[in-house]
Amino acid sequence: MAHGNLTRTRGGAGGGGGLRGLKESAGRYALLPLRVFLGVTFVYAGFDKMTGGTTTLKASGSGSIGELMHSVRDSSAIPALVDLALKSPVGFGYAIAIGEVAVGLGILVGLFGRLAATGGALISLSLWLTVSWATTPYYYGNDLAYLMAWLPLVLAGTPLLSADAWLASRRRLRTP
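1. A look at the packing of aromatic side chains
Link 1 in the chain: Taken as a whole and assessed by the stated rule, the structure comprises six aromatic pairs.
Link 2 in the chain: Ring geometry for Phe42 against Trp150: centres 5.1 Å apart, planes inclined by 85°, an arrangement best described as edge-to-face. Of this pair, Phe42 sits in helix H2 (residues 32–50) while Trp150 sits in helix H7 (residues 142–156), placing them 108 residues apart in sequence.
Link 3 in the chain: Assessed through its relative accessible area of 6%, Phe42 is described here as buried.
Link 4 in the chain: In this structure an aromatic cluster arises from ring pairing among Phe37, Phe42, Tyr146 and Trp150.

Next up, the structure:
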């Protein structure tokens, strides 16, 4: 099998670029659907927690964050992490909810995209190691899938249609 060098062009004299231009555009914008999905999902999840949706931010009672943490404590990968959260389940619930909203908005707007994605990955990692650790088979648990979905954004950031890109272009304009 022969290997050659691939040369990328911005298109011909007409500027269209044909199929190659379409592939390049698709490649540049490939992370946008992931950004939108994760951003909207995390904003929704955070507001859902704060407004008493699926899990109420109470220390005890049916559907409470405290009850959820007590039920997963012995089956989690890191019971000490759950014990820490159980010292103040309501405070932990609000911290997760506010973190989800901040991460979601950060990735949607593209402001400090890598930092927002890292925050999302850490939230997903902590939920996977505690709440969904005992889910079998592992692919039934969604927190691991969310963790993996955050990783491309941790690596690539938010280079297009973002506050980060706008700020970078302003910095380039100011440097001689």
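2. Re the layout of surface pockets
Link 1 in the chain: In this structure, the largest pocket spans a volume of roughly 580 Å³.
Link 2 in the chain: Together, 27 residues line the largest pocket, and Lys49, Glu100, Leu127, Val131 and Asp143 are the ones closest to its centre.
Link 3 in the chain: At the level of elements, H2, helix H3 (65–72), helix H4 (79–86), helix H5 (89–109), helix H6 (113–130) and H7 are the ones that each hand at least two residues to the lining of the largest pocket.
Link 4 in the chain: Counting residues per element, the lining of the largest pocket draws most heavily on H2, which supplies six residues.
Link 5 in the chain: By residue class, the composition of the lining of the largest pocket is 15 nonpolar, eight polar and four charged.

3. Some thoughts on the packing of H5 against H6
Link 1 in the chain: Here H5 crosses H6 at 140°, and the two axes come no closer than 8 Å. H5 and H6 meet at a crossing whose hand is left-handed. In this structure, H5 contributes Gly99, Glu100, Val103, Gly106 and Ile107 to the contact, and H6 contributes Gly113, Ala116, Ala117, Gly119, Gly120, Ile123 and Leu127.
Link 2 in the chain: Taken together, the residues that form the contact of H5 with H6 break down as six nonpolar, five polar and one charged.

4. With respect to a nonpolar patch on the surface
Link 1 in the chain: A cluster of nonpolar side chains, namely Val36, Val40, Leu105, Leu108, Val109, Leu111, Phe112, Leu115, Trp166 and Leu167, defines an oily patch on the protein surface of about 930 Å² accessible area.
Link 2 in the chain: Listing elements by their share of the nonpolar patch, those giving two or more residues are H2, H5 and helix H8 (163–174).
Link 3 in the chain: For the nonpolar patch, the leading source of residues is H5, giving three residues.
Link 4 in the chain: With respect to the helices, strands and loops of the structure, Val109 is situated in helix H5.

5. Comments concerning the pattern of salt bridges
Link 1 in the chain: Inspection of every chain in the model, using the stated rule, returns three salt bridges.
Link 2 in the chain: The closest approach of N and O atoms between Glu100 and Lys49, which form a salt bridge, is 3.0 Å. One end of the pair, Glu100, is in helix H5; the other, Lys49, is in helix H2, and 51 residues separate them in sequence. Both residues of the pair, Glu100 and Lys49, count as buried.
Link 3 in the chain: A salt bridge links Arg73 to Asp74; the nearest nitrogen and oxygen atoms lie 3.0 Å apart.
Link 4 in the chain: Residue classification places Asp74 among the exposed positions, given a relative accessible area of 67%.

6. Section: unusual backbone geometry
As a rule of thumb, non-glycine residues mostly have phi less than zero, and peptide bonds are mostly trans rather than cis.
Link 1 in the chain: Going from Thr136 to Pro137, the amide bond is cis rather than trans, its omega being -10°.
Link 2 in the chain: Structurally, Pro137 can be placed in the loop between H6 and H7.
Link 3 in the chain: Of note, Phe112 is a non-glycine position whose phi angle comes to about 50°, a positive value.
Link 4 in the chain: Examined against the element boundaries, Phe112 turns out to sit in the loop between H5 and H6.
Link 5 in the chain: By relative accessible area, which is 54% here, Phe112 ends up exposed.

Rules and cut-offs
- Per chain, the residues get numbers from 1 upward, laid out in the order the sequence is written.
- pLDDT decides what is reported in this predicted model: residues at 70 or higher carry local features, side-chain atom pairs at 80 or more are listed and counted, and totals for whole chains, interfaces and linings draw on all residues regardless.
- With hydrogens and water stripped out, all remaining heavy atoms of the structure feed into the side-chain values.
- The pairing test for Phe, Tyr and Trp rings, Trp by its six-membered ring, is centres within 6.5 Å, and the orientation test on the planes gives stacked under 30 degrees, edge-to-face over 60, and tilted for anything in between.
- Put simply, DSSP marks the helices as runs of H or I at least four residues long and the strands as runs of E at least two long, and each gets a number from the N terminus on.
- Only protein chains enter the area calculation, which uses a 1.4 Å probe; residues under 20% of their type maximum are buried, those over 50% are exposed, and those in between are partly exposed.
- With a 1 Å grid laid over protein atoms only, a set of points is called a cavity when a 1.4 Å probe fits there but cannot get out and a pocket when it is open yet has protein on both sides within 12 Å along at least five of seven lines; lining residues have an atom within 4 Å of a point.
- Grid points are joined across faces, edges and corners, and a volume is the space filled by probe spheres set on the points.
- For this classification, Asp, Glu, Lys and Arg are treated as charged, while Ala, Val, Leu, Ile, Met, Phe, Trp, Tyr, Cys and Pro are nonpolar and the rest, including Gly, are polar.
- Under this scheme, a helix contributes an axis fitted over its contacting stretch, all axes are lines through C-alpha atoms, and angles between N-to-C directions fall in the 0 to 180 degree range.
- Less than a right angle of anticlockwise turn of the near helix away from the far helix marks a crossing as left-handed, whereas a clockwise turn marks it as right-handed.
- What makes two residues a contact is simply this: any of their non-hydrogen atoms within 4.5 Å.
- Within this analysis, patches are made of residues with over 30% relative accessible area and no salt bridge. Like charges are joined at 9 Å or less; nonpolar side chains (Val, Leu, Ile, Met, Phe, Trp, Tyr) at 5 Å or less.
- Under the convention used here, a 1.4 Å probe and the Shrake-Rupley method define accessible areas, while residue burial counts only the protein chains that appear.
- Any carboxyl oxygen of Asp or Glu within 4 Å of a side-chain nitrogen of Lys or Arg constitutes a salt bridge here.

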